[in-house]
Amino acid sequence: DQQVKQNSPSLSVQEGRISILNCDYTNSMFDYFLWYKKYPAEGPTFLISISSIKDKNEDGRFTVFLNKSAKHLSLHIVPSQPGDSAVYFCAASRSTGTASKLTFGTGTRLQVTL
Amino acid sequence: DAMVIQNPRYQVTQFGKPVTLSCSQTLNHNVMYWYQQKSSQAPKLLFHYYDKDFNNEADTPDNFQSRRPNTSFCFLDIRSPGLGDAAMYLCATSEQGAWQPQHFGDGTRLSIL
């Protein structure tokens, strides 16, 4: 049972345009959501997060939106740059008090074309 | 630079031969995690340590064990690797508490002959 779903395995966007990556989750106990970026042969790198008490968080070109009623979050990248080409993982966490245990989606491969 | 380092990057072992993967961190984080990622799948949490307190996930096979001798190091031991254990193994750390991002190493790719 996949609790975090990224239904688009890949996405291609032109440089300068907006990239929108989507993620759905099923477990209402999740209270913290993160996006990670992964280049080939490297580990995932933390990008941006949002807690369940917010519906939007911005960091430079990256904005994450959370719609709790729809159990949906999205990552907007604007403007997209060639260096943004990577696999993006959505992750959700249920806090245990001492740790945040992540449940990942399967990732979306973003390609930013010139 | 503070970081999470995994050794080796690539490990080949024989079917049934015990293998140990290593993770070290300079972030001084209380919590360390081990994930397994098979090809085209999501990383899956195996277990985590809060300081020396070990927390196993319910569906982690008994074949997988872990040791954390001190804050900086954590090991993943696979007692009798099967072909299905071939995967990328990712180590991560975080500060304690809720809503803390995890910081990952570059992983160890394990192959089973």
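Above this note sits the structure.
Residues numbered from 1 in each chain as written. Chains lettered and ligands numbered in written order. Predicted model: local features only at pLDDT ≥ 70, side-chain atom pairs only at ≥ 80, totals over all residues. Heavy atoms only, no water.

### Things to note about the overall build of chain B
Our working definition: Secondary structure elements follow DSSP: runs of H or I of four or more residues count as helices, runs of E of two or more count as strands, with numbering from the N terminus. Here the globule rule is a power law, 2.2 Å times the number of residues to the power 0.38, and the radius of gyration is based on C-alpha atoms. Exposure categories follow from relative accessible area, calculated using a 1.4 Å probe and restricted to protein chains: below 20% of the type maximum is buried, above 50% is exposed, and the middle band is partly exposed. Here a residue-residue contact requires only that any non-hydrogen atoms of the pair lie within 4.5 Å. In short, Shrake-Rupley with a 1.4 Å probe defines the accessible areas, and a residue's cover is counted only from the protein chains shown.
Along the backbone of chain B there are zero helices and 11 strands. Relative to the globule expectation of 13 Å for 113 residues, the C-alpha radius of gyration of chain B, 13 Å, shows essentially globular dimensions. In terms of its C-alpha atoms, chain B occupies a principal-axis envelope of roughly 40 × 30 × 30 Å. Within the span of chain B, comprising 113 residues, buried residues form 50% of the whole. A separation of at least 24 residues holds for 54% of the contacts in chain B among residues at least 6 apart in sequence. Summed over its atoms, the accessible surface of chain B is roughly 5,400 Å², and 49% of this surface lies on carbon and sulfur atoms.

### Regarding the interface of chain A and chain B
It is common to report an interface's size as the accessible area lost on association of the parts. Stated precisely, the cut-off is as follows: By buried area we mean how much accessible surface two parts lose on assembly, using a 1.4 Å probe and totalling the loss over both. Just to be clear on terms, a salt bridge is a Lys or Arg side-chain nitrogen sitting within 4 Å of an Asp or Glu carboxyl oxygen. In protein, a polar contact means a hydrogen-donor-capable atom and an acceptor-capable atom, both N or O and within 3.5 Å, with residues adjacent in sequence counting only if both atoms are side-chain atoms; elsewhere, any N or O pair within 3.5 Å suffices.
Facing the 25 residues of chain A at the interface are 24 residues of chain B. Of the roughly 1,900 Å² buried between chain A and chain B, counting both surfaces, carbon and sulfur atoms make up 60%. There are two salt bridges connecting chain A and chain B. With a closest N to O distance of 3.9 Å, Arg94(A) and Glu57(B) form a salt bridge. On inspection of chain A and its partner chain B, the count reaches 11 residue pairs in polar contact (both at pLDDT 80 or more). The set of elements that each furnish at least two residues to the side of chain A that touches chain B consists of strand 4 (32-38), strand 5 (45-51), strand 9 (86-95) and strand 10 (100-104) of chain A.

### A closer look at the packing of aromatic side chains
All names here are of chain B. Stated formally: When the centres of two rings from Phe, Tyr and Trp lie within 6.5 Å, Trp using its six-membered ring, the rings pair. Their planes under 30 degrees apart give stacked, over 60 give edge-to-face, and anything left gives tilted.
Counted under the stated rule, the structure contains 14 aromatic pairs over all chains. Taken together, a centroid distance of 6.1 Å and an interplanar angle of 35° make the contact between Phe64 and Tyr89 tilted. A residue pair is termed long-range when its members are at least 10 positions apart, and Phe64 in strand 7 (residues 64-67) and Tyr89 in strand 9 (residues 87-94) qualify at 25 residues. When sorted by exposure, Phe64 lands in the same class as Tyr89, which is buried.

### Regarding the side chain of Ser66(B)
All names here are of chain B. Topologically, Ser66 is positioned in strand 7. Looking at Ser66, the relative accessible area reads 13%, which means it is buried. For Ser66, the side chain forms a polar contact with the main-chain oxygen of Phe75, separated by 2.7 Å.

### Observations regarding the state of the cysteines
Note: disulfide means a covalent bond formed between the sulfur atoms of two cysteine side chains. Spelled out, the test is: We call a pair of cysteine sulfur atoms a disulfide when they lie within 2.5 Å.
Across all of its chains, the model carries two disulfides over all chains by this definition. Between Cys23(A) and Cys90(A) runs a disulfide, and the two sulfur atoms are separated by 2.0 Å. Sign of the S-S torsion, about -70° for the bond between Cys23(A) and Cys90(A), identifies this disulfide as left-handed. In this pair, Cys23(A) is assigned in strand 3 (residues 19-25) and Cys90(A) in strand 9, connecting sequence segments 67 residues apart. Taking relative accessible area as the criterion, Cys90(A) reaches 1% and is therefore assigned buried. Not engaged in a disulfide, the cysteine Cys74(B) finds its nearest cysteine sulfur in Cys91(B); these two sulfurs lie 6.0 Å apart. Taking the relative accessible area as the measure of exposure, Cys74(B) reaches 0% and is therefore buried.

### Focus on the nonpolar core
Just so we agree on the cut-off: Among the buried residues, those of types Ala, Val, Leu, Ile, Met, Phe, Trp, Tyr and Cys that are joined through side-chain atoms within 4.5 Å form a nonpolar core.
One finds Phe33(A), Trp35(A), Leu73(A), Leu75(A) and Tyr88(A) to be the most contacted residues of the largest nonpolar core, which totals 23 residues. Put simply, the parts of the chain that give this core at least two residues each are strand 3, strand 4, strand 5, strand 7 (62-67), strand 8 (72-77), strand 9 and strand 11 (108-113) of chain A. Residue contributions to this core peak at four residues, all from strand 9 of chain A. Filtering out sequence-adjacent residues up to four positions away, Leu73(A) remains in contact with Leu21(A), Asn22(A), Cys23(A), Tyr25(A), Phe33(A), Trp35(A), Val64(A), Phe65(A), Leu66(A) and Cys90(A). If you look at the next biggest cluster of nonpolar residues, it comprises 19 residues, including Phe89(A), Leu102(A), Tyr33(B) and Leu90(B).

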